[in-house]
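An overview of the molecular structure
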Amino acid sequence: MNRLTYLGIAVALLFIIVALFAPLIATHEVTAQNLAMRYAAPSAEHWFGTDSLGRDVFSRVIFGARISLQVGITVVVVSTIIGTILGAIAGFYGGFVDKFLSGYVFNVFLAFPGLLLAIALVAFLGAGLGKLILALCIIGWVGYARVIRGQVLKVREYDFVQAARALGASNRRILFTHILPNAIQPLIVQASLGMAGAVLSEASLSFLGLGIPPPAPSWGTMIEEARGLDILYNAPHVLFFPGFAIALTVLAFNFIGDGLREYLDPKQRKR
Amino acid sequence: MKFRLLNFSRQLALTLLVIWTVVSLVTLLIELVPGDPATTILGETATAEQIANFNQKHGLDRPAFFFSYDAANGFEWNGANNRYVDYWIGLVQGDLGTSFRTERPVLGMILERYPSTIMLAIVSMIIAVCIAIPLGVLAGTNKNTLIDNAASFVALLGISLPTFVIGPFLVYFFAVKYRVFAATGSANPEDIVLPAVTLGAALSAILTRMVRSSVIEELGEDYVRTARAKGLSERKVVYKHVLKNGLIPVVTILGLQLGVLLAGAIITEKIFNWQGLGLLLLDDGIGKRDYRLVQGCVLVISVTYILANTLTDLVYRRLDPRIRIS
């Protein structure tokens, strides 16, 4: 694995640690207001400055990691498991099973872009962390399923699969031992993008005022509060730090995905 | 030819089936509203008569579906006299219902705004493709060099920076500091530039990564060795052979991303106050709890997305004969 992958792992670990130990790391109470200190620049007292209500931006960014990672990890794990199983079944068995799954079920789920379904669900159901995660999982798995199906369709025609079949291997053995290990590389790229996507979706919904309601320190909410033109001009740190936190988290998972992809593909490693 | 026609009609039938499912889901979503939509719209102070009038006007006094269930009466069969059938009858007649707030036809409200959103999405896609293909090929053919690392870094930055961070920063630089473009609105033709770049940034980054991965993967295939052994120039190998095969996943992603763009446009439209469908959904629909309008907007975006998916599938089959044969 290259250095960027290790950097990604380091940053991702740092974020997980920050999220887990947020109460120990934060320097101030996340919701504590100090109107006399509105839009204060970064200083020894407030490392990332303060926001429109004089709240400590550093502490809010630290607690924001908790929300983002909780949503991201849950959505990716659940989506990958469901997507891999259904995608592999569709691609491997083909015929009616494939027509029903990829032609009907996948298309129904693909018919709703994740963000739109989340928005629709929130609009009708009301906001909340649980509903947000549920909506993103319901929609998230289908991307993985489609990728895996495409790969399985390709790999199942390879000679070594035919050879395994000729040797009398069972369908389960062929699928799990021969096909899936050769079909998962794009899934890793998909999972890394999925992690990024989930973190972004949560922040996006919060930015639109449809995610986790204030005063919870979601990175999206913090950016929404900071995007007024005068604030942007006079106190850009209020936008910069949560934006930087999102970018760093997403970059880290992209580095990990990229590195693992190359590591797991012997053909690419040799060249 | 006959085989292709059969395939096409099968695809069409499936598309219609998917559209039916989506319409059904969207129709029934309104049942998820906690409490009573009439009370939500009219407020807690509304009289029983006002609520009854509202429900009657919008058909909300009728049963939701073919059957209903409550603890007291158990299952009850309502026949075709229900809101689900009403919505379908309206839909077939090109009627998406009447707005709960403005009492205007929802379809008219959507048609007023949709062209702006479609234009924004198309311009974003064109910008994204124009950036991604050359950048992706450059990175893929120069794997692990400084060029590759630089291209990959730019792409990663595009993916990592969300629309709602890029947007305000673009506004800051190009509208507040240098005054090249207007900060918000869609009055002048050039006003589309900032929203389109904002919306297309992530897509161009995703596409660049896809093109790079595809080019690297395809360069390792046997046919590339054969093409090189035949004495083809590297340029021909890349652009005639590798890119044709390498673009298959890219086409899939482009099709899949159209819906993401339409949904993502909601955020971009909010940042730039772009008067499209997204802003209609957000401000007039969700903001004012106009559930009929929300249904209409979600339905229109979803149906557009389904049609885009079907088209993606057809192009995908056209590009890769192996899939067409299987």
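Scroll up to find the structure this text is about.
The paragraphs below set out a description of the structure included in this document. These numbers come from a predicted model, not from an experiment. (Residues numbered from 1 in each chain as written. Chains lettered and ligands numbered in written order. Predicted model: local features only at pLDDT ≥ 70, side-chain atom pairs only at ≥ 80, totals over all residues. Heavy atoms only, no water.)

A few words now on the overall build of chain A. Within chain A, the secondary structure is distributed over 13 helices and 0 strands. Secondary structure elements in chain A, listed N-terminal to C-terminal, are α-α-α-α-α-α-α-α-α-α-α-α-α. Considering chain A as a whole, with its 271 residues, one finds that 55% of them fall into the buried category. Considering only residue pairs separated by 6 or more positions, chain A has 69% of its internal contacts joining residues 24 or more positions apart. About 11400 Å² of surface is accessible on chain A, with carbon and sulfur atoms providing 67% of the total. Side chains of chain A give 20 positive and 14 negative charges; the mean places of these two sets differ by 14 Å. (Helix = DSSP H or I, 4+ residues; strand = E, 2+ residues; numbered from the N terminus. Buried < 20%, exposed > 50% of the residue type's maximum accessible area, 1.4 Å probe, protein only. Contact = heavy atoms within 4.5 Å. Areas by Shrake-Rupley, 256 points an atom, 1.4 Å probe, with all protein chains shown as cover. Lys, Arg positive; Asp, Glu negative; His and termini not counted. Charge placed at Lys NZ, Arg CZ, Asp CG, Glu CD.)

Quick look at a nonpolar patch on the surface now. All names here are of chain A. On the surface, Leu13, Ile17, Leu20, Phe21, Leu24 and Ile25 cluster together into a nonpolar patch covering about 600 Å² of accessible area. Counting residues per element, the ones that place at least two in the nonpolar patch are helix H1 (3-20) and helix H2 (22-25). In terms of residue count, the dominant contributor to the nonpolar patch is H1 (3 residues). Checked against the element boundaries, Phe21 lands in the loop between H1 and H2. (Patch = residues over 30% accessible without salt bridge, like charges linked within 9 Å, V, L, I, M, F, W, Y side chains within 5 Å. Salt bridge = Lys/Arg side-chain N within 4 Å of Asp/Glu carboxyl O.)

This part is about the interface of chain B and chain A. Listed per partner, the contact involves 59 residues of chain B and 49 residues of chain A. Taking both sides of the interface into account, the surface hidden between chain B and chain A amounts to around 5100 Å²; carbon and sulfur atoms contribute 72%. Elements represented by at least two residues in the side of chain B that touches chain A include exactly helix H1 (2-29), helix H6 (146-160), helix H7 (163-177), helix H8 (193-219), helix H10 (234-272), helix H11 (277-286) and helix H12 (291-319) of chain B. (Buried area = accessible area lost by both parts, 1.4 Å probe.)

A few words now on the side chain of Ser204 of chain A. Within the fold, Ser204 of chain A resides in helix H9 (residues 185-207). Sequence-distant contacts of Ser204 of chain A, that is, excluding residues within four places in its chain, are made with Leu115 of chain A together with Phe164 and Ile267 of chain B.

Before going further, it helps to spend a moment on unusual backbone geometry. Within the chain, Tyr39 of chain A stands out as a residue other than glycine whose phi angle is a positive 50 degrees. Secondary-structure assignment places Tyr39 of chain A in the loop between H2 and helix H3 (57-93). Using a relative accessible area of 28% as the deciding quantity, one classes Tyr39 of chain A as partly exposed. A positive phi angle is found at Asn144 of chain B, which is not glycine, with a value near 65 degrees.

With that settled, the discussion passes to the pattern of salt bridges. A full pass over the atoms with the stated rule returns 13 salt bridges over all chains. Note that Asp284 of chain B and Arg113 of chain B form a salt bridge whose closest N and O atoms lie 3.9 Å from each other. With Asp284 of chain B in helix H11 and Arg113 of chain B in helix H5 (residues 106-141), this pair connects stretches of sequence that are 171 residues apart. Looking at Arg113 of chain B, the relative accessible area reads 15%, which means it is buried. Where Lys288 of chain B meets Asp284 of chain B, a salt bridge forms, and the shortest distance between an N and an O atom there is 3.8 Å. For Lys288 of chain B, a relative accessible area of 43% gives the class partly exposed. Three or more residues joined by partner-sharing salt bridges are found here, namely Asp51, Arg55, Arg60 and Glu225 of chain A.

Moving on: the packing of aromatic side chains. Per the stated rule, a full pass over the model turns up 17 aromatic pairs over all chains. Linked through ring pairs, Trp47, Phe48, Phe58, Phe240, Phe241 and Phe244 of chain A together constitute an aromatic cluster. (Phe/Tyr/Trp six-rings, centres within 6.5 Å; stacked < 30°, edge-to-face > 60°.)

The subject of this paragraph is the pairing of strand E1 (residues 67-70) of chain B. Moving residue by residue along a regular strand, the side chains alternate between the two faces of the sheet. Residues and elements named next belong to chain B. Note that E1 and strand E2 (residues 74-77) share 4 bridges and pair antiparallel. Bridge pairing in E2 links Ser68 to Glu76. Linking E1 to E2, which pair antiparallel, is a turn of 3 residues. (Pairing = 2+ DSSP bridges.)

A few words on H8 of chain B. Along an α-helix, residues three or four positions apart point the same way, because every turn accommodates 3.6 residues. Roughly 40 degrees is the biggest bend found in H8 of chain B, and it falls at Gly200 of chain B. The element H8 of chain B is extensively covered by neighbouring structure, given that 23 of its 27 residues are classed as buried. (Bend = angle between axes of the 7 residues up to and from the residue.)

Moving on to the packing of H3 of chain A against helix H6 (residues 129-155) of chain A. All names here are of chain A. Look at H3 against H6: their axes get within 6 Å of each other, and the N-to-C directions meet at 35 degrees. Crossing of H3 over H6 shows right-handed handedness. Here the contact of H3 with H6 is built from residues that sort into 20 nonpolar, 9 polar and 1 charged. (Axes fitted to C-alpha atoms, helices over the stretch in contact; angles between N-to-C directions. Left-handed = near helix turned anticlockwise from the far one by under 90°. Nonpolar A, V, L, I, M, F, W, Y, C, P; charged D, E, K, R; others polar.)

The tally for this structure, following the rule as stated, stands at 2 cavities of 30 Å³ or more. There is about 130 Å³ of room inside the largest cavity. Contributing to the lining of the largest cavity are 13 residues, with Asp258 of chain A together with Ser152, Arg209, Arg212 and Ser213 of chain B lying nearest its centre. If you list the elements that add at least two residues to the lining of the largest cavity, you get helix H12 (237-264) of chain A together with H6 and H8 of chain B. Across the lining of the largest cavity, the residue classes tally to 4 nonpolar, 4 polar and 5 charged. What the second largest cavity holds in volume is close to 30 Å³. (1 Å grid on protein atoms, 1.4 Å probe; cavity = no way out; pocket = protein on both sides within 12 Å on 5 of 7 lines; lining within 4 Å. Points joined across faces, edges and corners; volume = space filled by probe spheres on them.)

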